Amino acid sequence: MCFKTWHGYKPDIMDQLTSFTYQTGKSFLHMLDVRCKIFSMGLLSLSIIKADFASLALTGVIIATLVINAGIKSVVIFRDLKYFFILLIFVFVARALTTDGTPLIIFFNISMTKQGMIIGARICARFLIIMLLGMVFIKTTKPSSVKGAVQWFLSPVPFIPEKRVSIMISLFLRFMPFLIKQTKQISNAQKSRCSDLQPNPIKKTARLCVPLFKKTFQSADRLATAMEARCYSEDRTDPEFIKSGHETIIYLATLALSIIMILF
Amino acid sequence: MKHKIIEIINLSHIYDKKTGSGIKDINLSIFKGEFIIFAGRNGSGKSTLFCHLNGLLSPGSGEILVENKNIKKNLTRTRRTIGMVFQDADTQIVGETVFDDTAFGPENLKFSREKINEKVLSSLDKLGLLPLKDRNPSTLSGGEKRKLAIAGILAMNPEVIVFDEPFSNLDYPGTLELIECIKDLHRSGHTILIATHDIEKIVSCATRLIIMDNGTIAADDKPVNLLKQLETFGIREPCASKLGMDINRISWTS
Amino acid sequence: MGTVFTDKNPKRAYPHFRTFKILLSKLKISQGKIDMNISNQLRMTVYASLFAALIAAGAFIAIPIGPVPIVLQNMFVLLAGIILGSRWGLACVSVYLLMGALGFPVFAGGTGGIGRLFGPTGGYLLSYLPAVYATGIISEKLQKTMANDIIAMVAGSLIVYAAGVPWLKYVTGMGWNKAVTVGMYPFLIGDIIKIIAAAYAAKIIRPIVKKQ
């Protein structure tokens, strides 16, 4: 919320939203059981909070290898994470300015301290690794298998209807491109009627939202009817998981890596 | 004697008492292997009737029997017997890939994974969508989306397939392909029901034409016998019929 | 590519939990939740998913007004509370955050990942959960008028800042004054505009949703 200023209305991002999540492929990570990937990603993301530069560098190298193996281009990574980098710079500067210690750079009465910069760099590296983990995961995993894995992980949790969550994920993924198209259409239709000249911001906001809501809710209603006609039931066939046979190694490697992170 | 698959007895459903919109006193028997066109202007009750067939609306009075059993008794069985393809193909797609979407129905029926894969692949193959099976449905063309909707229904192996305005929003090649596809389905033994106000595209394949007007059945006969009355009910008479050509040559593909 | 094993029975993993869940579901049925509700429940599921997608899309829909463009994301969160109520609102925001945590690019700036939830702005994102619940509860308790909607949404936004600003302060290590200057003041005017627009939109949407 705090960083809203850094991106305007970018229809291009919205167009790519579905396409840039998953890249087809047959690499090591693509073939790995999705549950194993989620487990490793979760465990590493948690233990990285304790990690220092040495283990961060080690993890960075491992991730880089996997990225190359999965055939993800570095350009794509920079493109997807560009706003996140701005966030990181902000965190770095804020840390460097506010931590007490030996001043390194001074202009006027503001000083960046050595200690502050080290702390800042460490925090940024941690965030970056977590982001990269998430990105590698989402780029190498089909949305439908993510959905299946979520269902599998939630199934032992009482009071959470895991099958409904899984259906909601499907619907969520289905509504995203649809909403993006609708918003564009409505905003173009209004622009062609000179909506830009409307000075009242409340009216401006409401005029975009109301038709969007009307249209999408009607379509959601029709979707519900169509699902009913296709025998919708929450008692459905369970998802299928395909293992590549390397899962045990990955589980062990993940455990080892998180122990290294926490201890060193 | 042909096998009677659907029987509608005195079916009425009124939306609004003042205007009397809805359907009134429909009596109809549908036999296995028929190809029926329901024609009528907008608001003549075609869609309302179709929603009843699938148990999506409850009858105000009267009843619908499928295989001699009231549809209310087992809605899932009804929906498996009668597959419904809606007017707006966009709104009936659920899955994130073509394959997943087609699997939605069989998954609801709790088929085993192997059976689902087999059913999905065979129905995608039938409609020529197999090369697209990993695509995101929102990137498909209008005609492909319509076919995907049919594939999703076909994977549940229905005996009757109901189409509500299948040709709306389709371009010319898309329409031709869809007509071929519907003909194929009919040939392979499915009973076909189509609601449309534009009968020219498909009329030569039909075995029966039902004209609906104001919520009632106004006429029910072989298409040849009704062509000349069409325009009194607000349906355009096929061009070729106006020119006095042969019925078998009047549709878009013959 | 290694050998392909198919795990045909994922249930095997937690047998006793399963039994527990089956018992729970039977309990629900015996309480009288029967077939007719399924259709209604399906509709709510669809609407909640739609709202989750709206929240995600809201991060991209920016209306340029003044120096800071208005992003509609938190407005959709508050609207979800008002339209869907506390329970379904919570479900909808949970799904949104879950999708983000799994790495789908649904957060502002086109990113996702657990990193964002731990990051400087994570407090705002996580606060959507209590905010939507509170908004839902308040609007359920009060009469459905525009003024009450505004009260409920103001309470919701206060929760967003109450959680978001301290988190921002903690992660970046800056002082209170600075955190409030960066993380709250620039957005207040936009929030007021959004809340009024949302109350107006709610008046129109509610009949569409309630009709079913």
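Look a little higher up for the structure.
Residues numbered from 1 in each chain as written. Chains lettered and ligands numbered in written order. Predicted model: local features only at pLDDT ≥ 70, side-chain atom pairs only at ≥ 80, totals over all residues.

Trainee: What exactly am I supposed to notice about the overall build of chain A here?
Mentor: Looking only at helices and strands, chain A features 10 helices and 3 strands. The secondary structure elements of chain A, listed N-terminal to C-terminal, are α-α-α-α-α-β-β-α-α-α-α-β-α. Computed over its C-alpha atoms, the radius of gyration of chain A comes to 23 Å, more than 25% above the 18 Å expected for a compact globule of 264 residues. Out of the 264 residues belonging to chain A, those deemed buried represent 43%. Considering only intrachain contacts with a sequence separation of at least 6, the fraction spanning at least 24 residues in chain A is 75%. (Helix = DSSP H or I, 4+ residues; strand = E, 2+ residues; numbered from the N terminus. Rg over C-alpha atoms; globule rule 2.2 N^0.38 Å. Buried ≥ 20, exposed ≤ 12 C-beta atoms within 10 Å, placed from the backbone. Contact = placed C-beta atoms within 7 Å.)

Trainee: Looking at this structure, I do not really get the environment of Arg236(A). What am I missing?
Mentor: Along the polypeptide, Arg236(A) turns up in the loop between helix H9 (201-229) and strand E3 (241-243). The spatial distance from the C-alpha of Arg236(A) to the C-alpha of Lys147(A) is 14 Å, given a sequence separation of 89 residues. What Arg236(A) contacts, discounting residues up to four positions off in sequence, is Lys163(A), Glu107(B), Asn108(B) and Lys110(B).

Trainee: Would you take a moment to explain the interface of chain A and chain B for this structure?
Mentor: Reports often express the size of an interface as the amount of accessible area lost when the parts come together. If you look at the interface, chain A gives 25 residues, while chain B gives 29 residues. Of all elements in the fold, only helix H7 (143-154), helix H8 (162-191) and H9 of chain A reach the threshold of two or more residues within the side of chain A that touches chain B. Among the elements that line the side of chain A that touches chain B, the one with the most residues is H9(A), at 8 residues. The class makeup of the residues in the side of chain A that touches chain B is 10 nonpolar, 8 polar and 7 charged. (Nonpolar A, V, L, I, M, F, W, Y, C, P; charged D, E, K, R; others polar.)

Trainee: Would you mind going over the packing of helix H5 (residues 74-98) of chain A against helix H6 (residues 114-140) of chain A with me for this structure?
Mentor: The description of two helices packed together rests on the angle between their axes and the distance between the axes. Residues and elements named next belong to chain A. Packing of H5 against H6 brings their axes to within 8 Å, and their N-to-C directions diverge by 160°. For the element pair H5 / H6, the angle class is roughly antiparallel. As for the relative orientation of H5 and H6, their crossing is right-handed in sense. Along the contact surface, H5 presents Ile77, Asp80, Leu81, Phe84, Leu88, Val91, Phe92, Arg95, Ala96, Leu97 and Thr98, while H6 presents Gly116, Met117, Ile119, Gly120, Ala121, Ile123, Cys124, Phe127, Leu128, Met131 and Met135. For the contact of H5 with H6, a count of residues per class yields 17 nonpolar, 3 polar and 2 charged. (Axes fitted to C-alpha atoms, helices over the stretch in contact; angles between N-to-C directions. Parallel < 35°, antiparallel > 145°, perpendicular 65-115°, else oblique. Left-handed = near helix turned anticlockwise from the far one by under 90°.)

Trainee: What is the right way to look at the sheet that holds strand E8 (residues 191-196) of chain B in this model?
Mentor: Pairing between sheet strands relies on hydrogen bonds along the backbone, with the strands arranged either parallel or antiparallel. All names here are of chain B. Spatial ordering of the open sheet is given by E6-E7-E8-E3-E9-E10, a layout of 6 strands whose pairing is mixed. Looking along the sheet, the strands with just one partner apiece sit at the ends: strand E6 (82-85) and strand E10 (216-221). The average undirected angle you get between the axes of adjacent strands in this sheet is 20°. As paired strands, strand E7 (residues 160-164) and E8 are joined by 5 bridges and run parallel to one another. Pairing of valine 160 across the sheet is with threonine 191, part of E8. (Pairing = 2+ DSSP bridges.)

Trainee: Mind showing me how you'd approach the packing of helix H3 (residues 34-47) of chain A against helix H10 (residues 247-263) of chain A here?
Mentor: Residues and elements named next belong to chain A. At a closest axis distance of 9 Å, the pairing of H3 and H10 adopts a crossing angle of 5°. By the criterion of interaxial angle, the relationship of H3 to H10 is roughly parallel. Seen from H3, the contacting residues are Cys36, Ser40, Leu43, Leu44 and Ser47; seen from H10, they are Glu247, Ile250, Tyr251, Thr254, Leu257, Ser258, Met261 and Ile262. Taken together, the residues of the contact of H3 with H10 sort by class into 8 nonpolar, 4 polar and 1 charged.

Trainee: I would appreciate a short explanation of the pairing of strand E2 (residues 21-31) of chain B in the present structure.
Mentor: A regular strand carries its side chains on alternate faces of the sheet. Residues and elements named next belong to chain B. Two strands pair when backbone bridges link them, and strand E1 (residues 4-16) and E2 are joined in this way by 8 bridges, in the antiparallel orientation. Its bridge partner lying in E2, lysine 4 is registered against phenylalanine 31. Connecting the antiparallel pair E1 and E2 is a turn made up of 4 residues, with glycine 20 showing a positive phi of about 70°.

Trainee: Sorry if this is basic, but what is going on with the nonpolar core here?
Mentor: Proteins that are soluble and globular tend to have nonpolar side chains buried together. With 206 residues, the main nonpolar core has Phe172(A), Phe51(C), Ala52(C), Ala80(C) and Cys92(C) as its most contacted residues. Among the domains, domain 1 (4-142 + 242-263) and domain 2 (162-233) of chain A are the pair contributing at least three residues each to this core. Ignoring anything within four residues of it in the chain, the contact list for Phe172(A) reads Ser49(C), Ala52(C), Ala53(C), Val95(C) and Met99(C). (Core = buried A, V, L, I, M, F, W, Y, C linked by C-beta atoms within 7 Å. Domains from an automatic or database assignment.)

Trainee: Would you take a moment to explain the sheet that holds strand E5 (residues 69-70) of chain B for this structure?
Mentor: All names here are of chain B. Ordered in space as E2-E1-E4-E5, the 4 strands form an open sheet in which the pairing is antiparallel. Across the chains shown, the open sheet's two edge strands, defined by having one partner strand only, are E2 and E5. The sheet contact formed by E1 and strand E4 (residues 61-66) spans 5 bridges and is antiparallel. Each bridged residue has a counterpart across the sheet, and for isoleucine 6 the counterpart in E4 is valine 66.

Trainee: Any chance you could explain helix H3 (residues 98-108) of chain B here in plain terms?
Mentor: Since the α-helix advances by 3.6 residues per turn, residues separated by three or four positions end up pointing in the same direction. Burial within H3(B) is extensive, with 11 of its 11 residues counted as buried. Buried residues of H3(B): Val98(B), Phe99(B), Asp100(B), Asp101(B), Thr102(B), Ala103(B), Phe104(B), Gly105(B), Pro106(B), Glu107(B) and Asn108(B), and no others. Its buried side turned inward, H3(B) meets H7 of chain A together with helix H4 (113-126) and helix H5 (142-154) of chain B. Once H3(B) finishes, Lys110(B) follows within two positions and takes phi at roughly 60°, a positive value.

Trainee: What is the right way to look at the environment of Gly103(C) in this model?
Mentor: Among the secondary structure elements, Gly103(C) is positioned in the loop between helix H3 (73-101) and helix H4 (114-118). What makes Gly103(C) buried here is the crowd of 26 C-beta atoms within 10 Å. Separated by 13 residues in sequence, Gly103(C) and Arg116(C) place their C-alpha atoms 9.3 Å apart. Beyond its immediate stretch of four places on either side in the chain, Gly103(C) contacts Gly134(A), Met135(A), Phe137(A), Ile138(A), Gly112(C) and Gly113(C).

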